[in-house]
Amino acid sequence: MHSTPASRDQLQEAMAVTSIQYSAHGPSSVLQLVKSDVGPIRKAGQVLIDNKATSVNPVDYKLREGFGGWLAGPRLPATPGGDVAGVVLEADAGSKFKPGDRVMALLARCVGGYSSRVVVPESALARIPDTLSFEQAAALPLVALTAWQGLDLAHVQAGDRVLIHAGAGGVGSVAIQLAKARGLQVVTTCSGRNADFVRELGADEVVDYTQQRFEEELKDRPVNAVLDTIVHGSRPHEYQQRSMKVIKAGGTYIHFFPKFEILHIAFGFLQGALSLGPRYRAVIVAPNGAQLEQIAELVAAGRVKPIIHSVFPLEKAAEAQDQVATGHTRGKVVIKIAD
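The rules behind these values
- Residues numbered from 1 in each chain as written.
- Predicted model: local features only at pLDDT ≥ 70, side-chain atom pairs only at ≥ 80, totals over all residues.
- Heavy atoms only, no water.
- Pairing = 2+ DSSP bridges.
- Helix = DSSP H or I, 4+ residues; strand = E, 2+ residues; numbered from the N terminus.
- Axes fitted to C-alpha atoms, helices over the stretch in contact; angles between N-to-C directions.
- Contact = heavy atoms within 4.5 Å.
- Phe/Tyr/Trp six-rings, centres within 6.5 Å; stacked < 30°, edge-to-face > 60°.
- Buried < 20%, exposed > 50% of the residue type's maximum accessible area, 1.4 Å probe, protein only.
- Lys NZ or Arg CZ within 6 Å of the ring centre and 35° of its normal.
- Expected span 1.5 Å × (residues − 1).
- pLDDT = per-residue confidence, 0-100.
- Parallel < 35°, antiparallel > 145°, perpendicular 65-115°, else oblique.
- Left-handed = near helix turned anticlockwise from the far one by under 90°.
- Nonpolar A, V, L, I, M, F, W, Y, C, P; charged D, E, K, R; others polar.
- Salt bridge = Lys/Arg side-chain N within 4 Å of Asp/Glu carboxyl O.
- Polar contact = N/O pair within 3.5 Å; in protein donor to acceptor, adjacent residues only side chain to side chain.

A few words on the sheet that holds strand 13 (residues 279–282). One open sheet holds the six strands; their spatial order is 10-9-8-11-12-13, and the pairing between them is parallel. The sheet is open, and its two borders are formed by strand 10 (205–208) and strand 13, each paired with just one other strand. Each strand of the sheet is rotated relative to its neighbour by a mean of 20°, with strand direction disregarded. The pairing of strand 11 (residues 223–228) with strand 12 (residues 247–255) spans five bridges and is parallel. Opposite Leu227, over in strand 12, you have Ile254 as the bridge partner. Relative to strand 12, helix 5 (residues 141–154) is tilted by about 155°, and along the sheet it contacts strand 11, strand 12 and strand 13.

In structure tokens form, the structure reads like this:
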């Protein structure tokens, strides 16, 4: 049976892939909307996803600007994005994921998410709770896994106190909720305008960094761990050195790689190893479907909720990245790819 012109058009539309790419490093203007009739090829152990939404993380614009160079950056042309939230189109026979399942994931190296079709290792996937939209789900994987893995590295127990910097930000807003779910006491830093917001998330104590110095506020009440989520600004080392002053003996400082500075990171590890300061740990977030499923269970139980600052269409990805680059968003900036 021959296809009519209308049916061929519909088939091409169904197969078309829309994505954001950059072919050279530079400002957000290098991001271009690209359409293709050729989609990603699924291999064994992978799941093909009709991607409905993604979100913007600081690593997206840093890689676009050339962060890591040839050693850590993706091969050009590259599609940014680590977060995926969509519907399963195809999976292996016997896979626990079936066509039509709503799923979310973090992509390795945080590359490929700004696209309407992606392939994801089955091991990285988790089902989206029924209570979440695709946009809400897209706001979770990278930040939630970063916070989860950071808390694991901190070796804290219920009742311990943690200081979470930038509690109103993408990672910080989820880290507060995950810390409370683990029974921790949370101190966080943020601007005064966000104080009520972070308290609603569960923060027990708030330090307004525009009016107070957290090391002065906590000098007589040290914490068991610091999660330093600050990835913006020109003086991340200042926060690190100040944070070291408020950590108990045997406590842990968790670094979230605001800059790729091997010597500085190595010095932190050395200080901890020689007992000249707190333990020093660095988080390089990794895809993990099992952990994401545990986070999804907390979401379904109402103990964790994604925080969305704003939503942009895919064609305005440059504006979305510019907004995140200001360092003053409350929660996540999301990119909607399709309904």
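Now, onward.
With that settled, consider the packing of aromatic side chains. The relative placement of two aromatic rings is captured by the distance of their centres and the angle of their planes. Overall, the coordinates contain one aromatic pair when judged by the stated rule. Consider the rings of Tyr253 and Tyr280, whose centres lie 5.4 Å apart with planes at 40°: the pair is tilted. Here Tyr253, found in strand 12, pairs with Tyr280, found in strand 13; they are 27 residues apart in sequence, far enough to count as distant. The class for Tyr280 is buried, based on a relative accessible area of 0%. In this arrangement the basic side chain of Arg102 is found over the ring face of Phe134, its NZ or CZ atom lying 5.0 Å from the centre. Here the guanidinium or amino end of Arg330 rests over the ring plane of Phe197, the centre of that ring lying 4.5 Å away.

In this model, helix 6 (residues 170–181) (12 residues) spans 17 Å end to end at C-alpha, consistent with the 16 Å of a helix rising 1.5 Å per residue. The element helix 6 is largely enclosed, with a buried count of 10 among its 12 residues. Within helix 6 the residues assigned to the buried category are Gly170, Val171, Gly172, Ser173, Val174, Ala175, Ile176, Gln177, Leu178 and Ala179. Two residues or fewer past helix 6, Gly183 is found with a positive phi of approximately 80°.

When pLDDT is averaged along the chain, the result is 88; 86% of the residues meet or exceed 70. This stretch, residues 1–13, has a pLDDT under 50; its non-local contacts, to residues over four places away or in other chains, come to two contacts.

Turning next to the packing of helix 5 against helix 6. Between helix 5 and helix 6, the shortest axis-to-axis distance is 8 Å and the interhelical angle comes to 55°. The pairing of helix 5 with helix 6 is recorded here as oblique in orientation. Of the two elements, helix 5 crosses helix 6, and the hand of that crossing is right-handed. Here helix 5 contributes Val143, Ala144, Thr146, Ala147, Trp148 and Leu151 to the contact with helix 6, which in turn contributes Gly170, Val171, Val174, Ala175, Leu178 and Ala179. Residue composition of the contact of helix 5 with helix 6, by class: 10 nonpolar, two polar and no charged.

Another aspect to go through is the pattern of salt bridges. Taken as a whole and judged by the stated rule, the model has 18 salt bridges. Of the charged contacts, one joins Lys332 and Asp83 as a salt bridge, the two residues approaching to 3.6 Å between their closest N and O atoms. Of this pair, Lys332 sits in strand 15 (residues 332–336) while Asp83 sits in strand 4 (residues 83–90), placing them 249 residues apart in sequence. For Arg199, the salt bridge is made with Asp196, and the minimal N-O distance between the two is 3.6 Å. With Arg199 and Asp196 both in helix 7 (residues 195–201) and three residues apart, this pair spans about one turn of that helix. Here Arg199 falls in the partly exposed class, since its relative accessible area comes to 44%. Residue classification places Asp196 among the exposed residues on the basis of a relative accessible area of 54%. Sharing partners across several salt bridges, the network here consists of Arg42, Glu90 and Asp92.

Counting through the fold element by element, Gln291 comes out in helix 11 (residues 289–300). Side-chain polar atoms of Gln291 contact the side chain of Gln149, separated by 3.0 Å.

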